[in-house]
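Breakdown of the fold
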Amino acid sequence: MHFFLDFVRTRDGKIEHAVELVRHYAGETDWIVVDALLGVFDSLEALVRDTKSWAGYLHLVYSTLTPILEKVGWSDANLSGNITFTQGAVIDRLGRLGHSDTCGEARLLFSREQRAGQRLNKSIRPAVYRSVAVTGGQAEKQYFMDLYHSAQRNEEKRMLLTVLGSFTNSQIVQELLDWSMSDDVKLQDRVFLISCLAETGLEGRAMAFKFFKDNFETLSKQYTSGSLLKRLVSGVVRNFNTEQDLDNINEFFKLNPVPGAQMTLDQCLEDLRILISAREHYQVPMLEYFNANLIRTESEVIRG
């Protein structure tokens, strides 16, 4: 399945044939296969996000991943080896994409921990937290912030940053962006949190890029070169997908150069150009394919 990105770049053949192949992996629990499958979904999502094909894409993901979750379940009992990775990753993806049954179960388990102290299984805890955060409000944010402040291990703090970086409520996103500049957040973790928030969708990426521009003077002094600067620049630009986005990014960096990350920026802009072209090329065939193959119930989606 690693062929998919090359397929998109070269436009070699009909994309509906590639998507049809993906559907044959429904119910496959082996982590190597699931990991590759999620990578394909990442590429496909970049093609259809913010288009009329989005509902069809959701159905494809739901119909492929829910049989996997039905097999591995939510308990860690009788799971071994890499299957625990499969379990967490599938819950995480379905939760992020708003699958109603997955989000409902995640919220139920979270509520039991929050109110009754029933700790979540380690294998699903990050995925459940992130699924709750996607549609969470101030109460959930405060709960996760309290966990972050009480966490002793850097690994735990980093996991909780991915949770905080999953919120989509615009007020909370802005609060978290502002908080990222505080002494509570280490320099390397600041980049991580901003990048996570930029991945949450149309509003998240717009807010993260605006925040980057508004705080460019401070950030450019804190990150002058090296991997952190490259990750920061990449994190705030790589999720865009339109010509207007490309023009806005070019205009800003023309006036505000980042010599320490210029190669990274150039690569991100080249990837964006390829994506814009691919989205235009595949827009009609993708919509036609999904319209012809879409079988969707109202209970499948709670957002999107």
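Notes on the structure follow. (Residues numbered from 1 in each chain as written. Predicted model: local features only at pLDDT ≥ 70, side-chain atom pairs only at ≥ 80, totals over all residues. Heavy atoms only, no water.)

1. Points about the packing of aromatic side chains
This is how the line gets drawn: Think of it this way: a Phe, Tyr or Trp ring, Trp meaning its six-membered ring, pairs with another when their centres are within 6.5 Å, and the plane angle makes it stacked under 30 degrees, edge-to-face over 60, tilted otherwise. For the purposes of this entry, the term helix denotes a DSSP run of H or I that reaches at least four residues, the term strand denotes a run of E that reaches at least two, and both are numbered from the N terminus. Burial classes: relative accessible area under 20% of the type maximum marks a residue as buried, over 50% as exposed, and values in between as partly exposed (1.4 Å probe, protein chains only). In this scheme, Lys NZ or Arg CZ marks a charge over a ring once it lies within 6 Å of the ring centre and within 35 degrees of the ring normal.
The final tally for this structure, using the stated rule, is 20 aromatic pairs. With a centroid separation of 6.3 Å and an interplanar angle of 85°, the aromatic rings of F41 and Y57 are classed as edge-to-face. Highlighted residues: F41 in helix α3 (residues 31-48) and Y57 in helix α4 (residues 54-72), separated in sequence by 16 residues. The exposure classification of F41 matches that of Y57, with both residues buried. One residue, K157, lies across the ring of Y148, its end atom 4.2 Å from the ring centre.

2. Some thoughts on a negative patch on the surface
Keep this limit in mind: To count toward a patch, a residue needs a relative accessible area over 30% and no salt bridge; like charges are then connected within 9 Å, while nonpolar side chains (Val, Leu, Ile, Met, Phe, Trp, Tyr) are connected within 5 Å. Residue-level accessible areas treat just the shown protein chains as cover; the underlying method is Shrake-Rupley with a 1.4 Å probe. Every case where a carboxyl oxygen of Asp or Glu lies within 4 Å of a side-chain nitrogen of Lys or Arg is listed as a salt bridge. Neither His nor the chain ends is counted toward charge; the positive residues are Lys and Arg and the negative residues Asp and Glu. Where a charge lies is defined by one atom per residue type, namely NZ (Lys), CZ (Arg), CG (Asp) and CD (Glu).
Taken together, the side chains of E243, D247, E251 and E280 define an acidic patch exposed on the protein surface. Top element by residues in the negative patch is helix α15 (residues 243-255). It accounts for three residues. Positionally, D247 belongs in helix α15.

3. Thoughts on the packing of helix α14 (residues 226-237) against helix α16 (residues 262-293)
Quick note on the threshold: Fitting a line to C-alpha atoms yields each axis, with helices limited to the stretch in contact; the angle taken between N-to-C directions then spans 0 to 180 degrees. An angle counts as roughly parallel when it lies under 35 degrees, as roughly antiparallel when it exceeds 145, as roughly perpendicular when it falls between 65 and 115, and as oblique in every other case. With the far helix as reference, a near helix turned anticlockwise by less than a right angle produces a left-handed crossing, and one turned clockwise produces a right-handed crossing. We call two residues in contact when some of their heavy atoms are within 4.5 Å. Asp, Glu, Lys and Arg are counted as charged, while Ala, Val, Leu, Ile, Met, Phe, Trp, Tyr, Cys and Pro are counted as nonpolar; the rest, among them Gly, fall into the polar class.
Two numbers describe how α14 lies on α16: the axes approach to 9 Å, and their chain directions differ by 20°. Overall, the two elements α14 and α16 adopt an arrangement that is roughly parallel. Crossing of α14 against α16: the hand is right-handed. Taking contact as the criterion, the partners of K230, V233, S234 and V237 in α14 are, on α16, T264, L265 and C268. Broken down by class, the residue content of the contact of α14 with α16 amounts to four nonpolar, two polar and one charged.

4. Notes on the packing of α15 against α16
Two elements in contact, α15 and α16, have axes separated by 10 Å at closest approach and are oriented at 165°. Between α15 and α16, the angle is such that the two are roughly antiparallel. Of the two elements, α15 crosses α16, and the hand of that crossing is left-handed. Here E243, L246, I249, N250 and F253 of α15 lie close against α16, whose contacting residues are L265, L269, L272, R273 and I276. When its residues are assigned to classes, the contact of α15 with α16 shows seven nonpolar, one polar and two charged.

5. Thoughts on the nonpolar core
So the rule is basically this: For our purposes a nonpolar core is just a set of buried Ala, Val, Leu, Ile, Met, Phe, Trp, Tyr and Cys residues, chained together by side-chain atoms within 4.5 Å.
In terms of nonpolar packing, the biggest core is built from 92 residues, with Y57, Y129, F144 and F253 touching the most fellow members. Considering each element in turn, this core owes the most residues, eleven residues, to α16. With residues up to four places along the chain from it excluded, the contact list for Y57 reads F41, L44, E45, V48, L97 and F290.

6. Some thoughts on the side chain of K157
With respect to the element layout, K157 can be found in helix α9 (residues 154-164). Buried K157, no salt bridge; nearest opposite-charge side chain is D189, N-O distance 7.6 Å. K157 has contacts with Y148, H149 and A151, leaving out every residue within four places of it along the chain.

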